[in-house]
Every structure is written in structure tokens, then in C-alpha cells.
Amino acid sequence: MRQAMRLVGQLALGVLFFASVTTCPARDRWTEAEAWSWYSDQPRLFGANYVMTYAATPTEMWQADAGTPGANTFDMAAIENELDIAQQTGFNTLRVTLSYEVWRDDRAGFMDRLDQFVTAADARGIRPSFIFWDDVNFTTNPDVPTRQPYLGEQADPVPGMHNSQWTGTGGLAVHENPGNWTLPPTDPSPGSGSRDYVQDIVGAYATDDRVLMWNAYNEPVNGGQSLDSTNQLIHATAEWAREVNPVQPISFDMWGTAADTASLAESDVVSFHIYAGPEATIREVAAVADRTKRPVFLTEWMARTYGSTLPDILPELMDRGVAAYNWGLVNGDQQTQWPWGSPPQTDTTEPSLWFHDLYRRDGTAYLSSEIEMYQHYRLRDDVLRSVDSRMVEVQNPGFEDNDLGGVPDAHTDRVFDGWTVTRDPGGWVGGTIVPDTWHFNEQVPEGDQAMFALDIEVGQQLAETLAAETFYVLEVAIGHRVDRVLPDYDFSLLAGGVELTPLTEAFSNPIEGAWTDASRIYRVEAGDVLVGLPLEIRLSSAGAETFFDDVRLIAVESLQPIGVTSDLDMDGEITRADWLIFAAHTYADLSGMTPAGRFLAGDLDGDGDNDYRDFLIFKSDFVAAHGVEAFGLMLRVPEPSSVALIAFAFLTVRTRHDRR
């Protein structure tokens, strides 16, 4: 039956391809398939919003003002030090605000400084996302003089105030003078050179992979600007940038205003902001992804006093494949350790709970646990993107056998096929359960059952033994039952009964009613005395109730990364051979594969299956390489009388829960 369904799916893909050729004209922005093709080529993307420590404004970061004694200006040595910190954290991207004012005043100098920044970032594996316009202006606070973006020496920050001197870039000079946007920058009229500013910068890096994205507009209308002029600037900026035909995506931030409609309409990938607790953040992330069907960039988040914290949110963002930029790398003259609305203060002792930022000026981490979590997810991505990865067999990883009939009686003997109770204090200790809507708000990750544990430890000795010079990634889905406090839990990998020490780890804290992966990474070196001893997995809970499901152990012997999207045989080209691999796995069961294995079997959007959305990505990539006609020649069209039946069968195929 599965083979027949796969054949139906493959035939339907061919039918729908021909139907789409004449009904999907080219659009100004990327199609969903083009956006996913680009995004699937990327590693996990995460970083921070970056402003140098001494800069209170983007003007201060980018201008060279050698004639003003003591002025803080562009300082490559300081930048390189902070880029080193970003690299050590595991960041591969930073979000950076540019300066229209500096470019207009000193075009050649600005472009030189920009290239220095891009080159230094590239040397550390960091690809910036650049912002052209920023409507945020904190000088509207009554405690500081109101200013539009200006050149020259910038005002000193007011002690204790959050972002007291930030003026953004563009300002009213651009907003109020759309008729001047296409004038040359040498024209003294306000707003002149706006088009050239965008096209000069995009044009310089249009085919340069060192730049990740043009996150063109930060928080439109956040300074009280006219919605009409804002929408006009959004559409104009998109047009100017696309005239240069960049290989990078363009996005305009959505943050819950009337400008969101224009921002989304012009975005290749979706970027949005939310500073809220875990439940609201994850709910909004899911809603944006479902509504837009495009890759999601959470370009601003993390405000600790609002409940927006790394340990509670980052694991879920990584589970969902969301690119993320927390606010703030190194704490500096923006003073964003203080919350929004903080008044001037004479006592500027470091607050006990920072609002934003990861590091102090001296390079020490505010919370080392946050840095360790970021480092874990960078290593995890490097390991799991390796072609040389394989699943280590775990018996009954989803606790489907045996079925104990829901919540077991306290006197029932708990039996899990493949698992042995290794610690049991007596009493009601756990069992398998079929969660329903009063337990969870989302599907069980694997199968229909999960295990719940109340002060119990279970273990499973595996058939495989510990191998030298190998990474092991142990992943477990953790469930947080509705109306319960998630108790302490643990999971570990042993060899010969000895617990291995993880290299890095991330314990998830799912929101109520949800499931999120927790993971540990181990590295076994040559000569380890435990090599050759049998592996064992243990899961334990210290209270009521921890839910476990979908236990996975992945072994990786070398870090050879997967290739580009749709090059499934990794020969450097997208050809008929790749199509044959893709078609052979359409609607196949990929659940026993590693993430890299699924990708090379056609799971191009990373949601766990090979379906029609993956087909659209493959089609887009092949057509880009060879043309529409070449792709059509590979397909075999079914008899016309079969078209309706095949299309109906295609539409009835059950799809999996969409989590990258």
C-alpha cells in the first residue's frame, strides 16, 4: 500500500507541474519554493542584533570623524574583538543597522568601512543581515532632547536610560520628501540619494555570499511616521533592491502595525519581532509560519524581564527551524541592560536581571549558561548536517509497545518493550499513555503513545558498542502536560554501565501542552577505555509528570556537510539523477533517517517528509539550472482519463505535523 501511494504521489507531481507552468507567472519577490530552496541551503541561522559597544547610534558606528577630538567613530580593532566574541558564541550571522546619513555625506568612506566590516565578519564565518531604514527613535523620551538622525559628534548616553540617544536612520528627511528619493546624493534636498543608497550597497554585494540578507526596514512607523509615506518607502526600497537582482533575500520587518501588510507583500522571507514570554512567542512564531508559508526570521527577541529568555524559547526556535537574532551582543552605550522606559539614574550598578545583551564590556558573559546553549546548537547543527551520519538502532523509541491502556493502575506491572526499569521507588511510577487534548495541545512527536514518568528511571542497552572518533547526538522529545509543572528530568548515554560526559547539552522547557527536543552531544576520542563496550540510554524523572517520546541516537564519524538543495547525489549539479532520487522517495517513510539522510532523500524543507512542497522546491531549482522545458522532458504524463483520479489521490495524502 505504501509503495502504491508513493507511485500515486509521484504521478500527481508530474500532473501538477504541467498545470502550474501556465498559471504561476514570475513574481517580483521570490516564490515560496525559491525562498525555501535558498533557506534550505543555509545552516541553522542564529545571532544577535549588533551595535558596537561605544556607539549609541548607527551614525556613531559608521562615521569617520577624525576632526572631532574624542568622538567615537568607526573602529575596526574594536569591531574585530566583538566579532571574535560572536564567533566564539556560535553565531553565524549578525543583524546590523547601516546609516543613510553617513553614506550620503561620505559615500566612498562609508563603502570602504562597510567592506572592512563584511571582510572581517566573513573571516569568522559570520554573514551579516543589513538594515537600510530604521524608524525607531528613542530621543522622543522627555528626558532627552528630541533629534532626527544627524552627523558629527553624537550625544552621550543618559546614565541608566535604555537606548537614550538612538535616532535610527532615514528619519523625517526621507519620509517627508519622497519626491527627492531619486535625486543624486550630491543634491542638498532632504531625502536625496535614497534610491542610490539602497542600490549602491545592494549592488556592491548582489552576488556576494558573504552577505546573508537585506533586512531592509526595521520596525516601520515606530517613530510616528506617516503610514502612507512608510508604505511608499517599503515598496520603493523593494523595487530599488530588486532592480539590482541580488542573490540574497529581501525582507521588511513585521511587528504588529498597519505597515505589516506592505512589509509581508514585499518580503522574500518573513522577518518579525516579538518580546514576550515563551507561550506568546511560540504561538506567534507558529502563526506567522502557518500564515506566510515562508522561512521565518525572528529578527528581534529576548527581553528577560518580559519572560523572553533563551532557555525557555531557543530550543523551540531550533526545533521549528526559525532563524533568530536576540537583541544585543556586548553591552555598551545603548545601555540595553536596562528595560524600556527606564528613567535617568545616578546608581548605574548592573541590574540583577538584564533586559537585553549577552556580554559585559570586558567580554565576560552575563549568563554563561546562555552562551553554552548557543554553542550547543551550533555544534549540533554542524554534526547533524553531516552526510556521514547514521541512526543507532533504539528499540521502541516512541513507546508504542506495549499499550498499557492509558493511565495505568498503581498496581499494574509496567512493561515497555526494549526498556527496563532501573530505578523504581515504588507506588505509582509511570507507564505509557495515549495523550489527548486535556494532556497536550499538539500531536505526539512519534506514533500515538508516549511514556510518562513519576520518579522513575528506565534504560535500554543497545546492540551497538561505543566507537572511537565518533560524535553521538542523543535527542529526546520532552512533553509538558497541561496544568502541570514540568519536573526535573534527565537523559544520558552510557557505555559499559559508565555514564559518558556530554560535550554540550540543551535541556528544553516546553510550554504547557507542547513537546520540544532536548539534546546532548558526546565526542569519543581514540584510546577511550570505554570503546567497544555496549551502549545504553537512560531516561529519568524526579517528579510528576515527565513525558518522554521519540528517543534518537545519531552517530557521526566525520563532519562532511550536505551539499546544496536539490543536489541529492552531491555531484555539484542538479540533474536527472537527482530527480530519480527525489521521485523514488516521494511519500516514502523517512522516519528512520538522520536529518541529513532525509534531506538527501528529498525532504528539502526540513519538515520530515518528501511531499508536494518539496517537489515545488526541486522544480524551482531544476528550472533555474536548466529551464522549464528540460524539466518537463523528465516527466511522464499519465493518460488524461487518469488525471482527475491522481489529483484526488494526491490531495488525500495525509501530511505530517509541520516542524522543521
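The structure we're discussing is the one just above.
Only a predicted model underlies this, so the values are computations on that prediction, with no experimental measurement involved. (Residues numbered from 1 in each chain as written. Predicted model: local features only at pLDDT ≥ 70, side-chain atom pairs only at ≥ 80, totals over all residues. Heavy atoms only, no water.)

### A closer look at the overall build of the protein chain
For clarity, the threshold we go by: Here a helix means four or more residues in a row that DSSP labels H or I, a strand means two or more in a row labelled E, and each is numbered from the N terminus. Type-normalised accessible area, obtained with a 1.4 Å probe on protein chains alone, sets the label of each residue: buried when under 20%, exposed when over 50%, and partly exposed for intermediate values. What makes two residues a contact is simply this: any of their non-hydrogen atoms within 4.5 Å. All accessibility values rest on the Shrake-Rupley procedure with a 1.4 Å probe; residue burial counts only the protein chains present in the view.
The secondary structure content of the protein chain amounts to 18 helices and 21 strands. Going through the 660 residues of the protein chain one by one, you find that 58% of them count as buried. Counting only contacts in the protein chain whose residues sit at least 6 apart along the sequence, the fraction spanning at least 24 positions is 75%. Per element, the accessible surface of the protein chain, about 26,000 Å² overall, is 51% carbon and sulfur.

### Regarding the packing of aromatic side chains
Our working rule: Two rings from Phe, Tyr or Trp (for Trp, the six-membered ring) form a pair when their centres are within 6.5 Å of each other. A pair whose planes differ by under 30 degrees is stacked, one over 60 is edge-to-face, and the rest are tilted. The criterion for a charge sitting over a ring is simple: Lys NZ or Arg CZ within 6 Å of the ring centre, and within 35 degrees of the ring normal.
Throughout the structure, instances matching the rule amount to 44 aromatic pairs. Ring centres of Tyr306 and Trp340 lie 5.2 Å apart, and the angle between their planes is 85 degrees; on these two criteria the pair is classed as edge-to-face. Note that Tyr306 is positioned in the loop between strand S8 (296–301) and helix H12 (310–319) and Trp340 in the loop between strand S9 (323–327) and helix H13 (368–384), a separation of 34 residues in sequence. Looking at Tyr306, the relative accessible area reads 42%, which means it is partly exposed. Grouping aromatic residues by their ring pairs yields a cluster made of Tyr50, Trp62, Phe74, Tyr100, Trp103, Phe110, Phe117, Phe130, Phe132, Trp133, Tyr197 and Trp214. Across from the ring centre of Phe46, 4.2 Å away, lies the NZ or CZ of Arg378, which sits over that ring. Over the ring of Phe471 we find Arg523; its NZ or CZ atom is 4.6 Å from the centre of that ring.

### Observations regarding the environment of Ser558
The topology assignment puts Ser558 in the loop between strand S21 (546–556) and helix H14 (576–584). Classification of Ser558 by relative accessible area gives partly exposed; the value is 31%. C-alpha separation for the pair Ser558 and Ser386, spaced 172 residues apart in sequence, amounts to 7.2 Å. For Ser558, the contacting residues outside a window of four places in its chain are Ser386 and Asp388.

### Brief notes about the pairing of strand S15 (residues 470–479)
Threshold: For two strands to be treated as a pair, DSSP must find no fewer than two bridges joining them.
Burial of S15 is extensive: 10 of the 10 residues sit out of reach of the surface. Here S15 shows two buried faces, one formed by Thr470, Tyr472, Leu474, Val476 and Ile478 and the other by Phe471, Val473, Glu475, Ala477 and Gly479. Judged from the 10 bridges that link them, S15 and strand S19 (residues 515–524) form a sheet pairing that is antiparallel. The residue bridging Val473 from the neighbouring strand is Ile521, located in S19. In the sheet, S15 pairs with S21 via eight bridges, with the strands oriented antiparallel. When the bridges of S21 are listed, Ala477 appears paired with Asp549.

### Overview of the nonpolar core
Cut-off, in case you're wondering: Put simply, a nonpolar core is a bunch of buried Ala, Val, Leu, Ile, Met, Phe, Trp, Tyr and Cys residues held in one set by side-chain atoms that sit within 4.5 Å of each other.
Residues Trp62, Leu114, Phe132, Trp133, Trp301 and Leu317 are the most contacted members of the largest nonpolar core, which totals 88 residues. Filtering out sequence-adjacent residues up to four positions away, Phe132 remains in contact with Leu98, Thr169, Tyr197, Val198, Ile201, Val202, Trp214, Asn215, Ala216 and Thr237. Grouped together as the second largest cluster of nonpolar side chains are 33 residues, Phe399, Ala467, Tyr489 and Val524 included.

### Focus on helix H16 (residues 612–626)
Rules: A helix's residues, less one, multiplied by 1.5 Å, set its expected span. Pairs of N or O atoms within 3.5 Å make up the polar contacts considered here, provided that, within protein, one atom can donate a hydrogen while the other can accept it, and that residues adjacent in sequence are counted only when both atoms are side-chain atoms.
The end-to-end C-alpha separation of H16 is 20 Å, in line with the 21 Å expected for 15 residues at 1.5 Å each. Buried residues of H16: Asp614, Phe615, Ile617, Phe618, Lys619, Ser620, Asp621 and Phe622, and no others. By the N-cap criterion, in which a side-chain oxygen at the helix start approaches the backbone nitrogen of a residue two or three places on, H16 is capped by Asp611, the distance to Arg613 being 3.2 Å. Positive phi shows up at Gly627, right after H16, with a value of about 100 degrees.

### Quick word on the pairing of strand S5 (residues 213–218)
Taken across its six residues, S5 has six buried, putting it largely inside the fold. Two elements, strand S3 (residues 127–131) and S5, share two bridges in a ladder whose sense is parallel. Bridging from a neighbouring strand, Ser129 pairs with Met213 of S5. Bridging between S5 and strand S6 (residues 250–252) involves three bridges; their strand directions are parallel. From the neighbouring strand, Tyr217 faces S6, where its bridge partner is Phe252.

### Considerations on the packing of helix H6 (residues 107–122) against helix H8 (residues 194–205)
Packed helices, taken two at a time, are described by the angle between their axes plus the distance between the axes. Formally: With axes taken as lines fitted to C-alpha atoms, and helix axes fitted only over the stretch in contact, angles between N-to-C directions fall between 0 and 180 degrees. Handedness of a crossing follows from how the near helix is turned relative to the far one, being left-handed for an anticlockwise turn of less than a right angle and right-handed for a clockwise one. When residue character is reported, Ala, Val, Leu, Ile, Met, Phe, Trp, Tyr, Cys and Pro are called nonpolar, Asp, Glu, Lys and Arg charged, and the others, Gly included, polar.
For the pair H6 and H8, the least separation of the axes is 12 Å and the interaxial angle reads 40 degrees. Judged by the sense of rotation from one axis to the other, the crossing of H6 with H8 is right-handed. Residues Arg107, Phe110, Met111, Leu114, Asp115 and Val118 of H6 touch H8, and the partners they reach there are Asp200, Ile201, Ala204 and Tyr205. A per-class count over the contact of H6 with H8 returns seven nonpolar, no polar and three charged.

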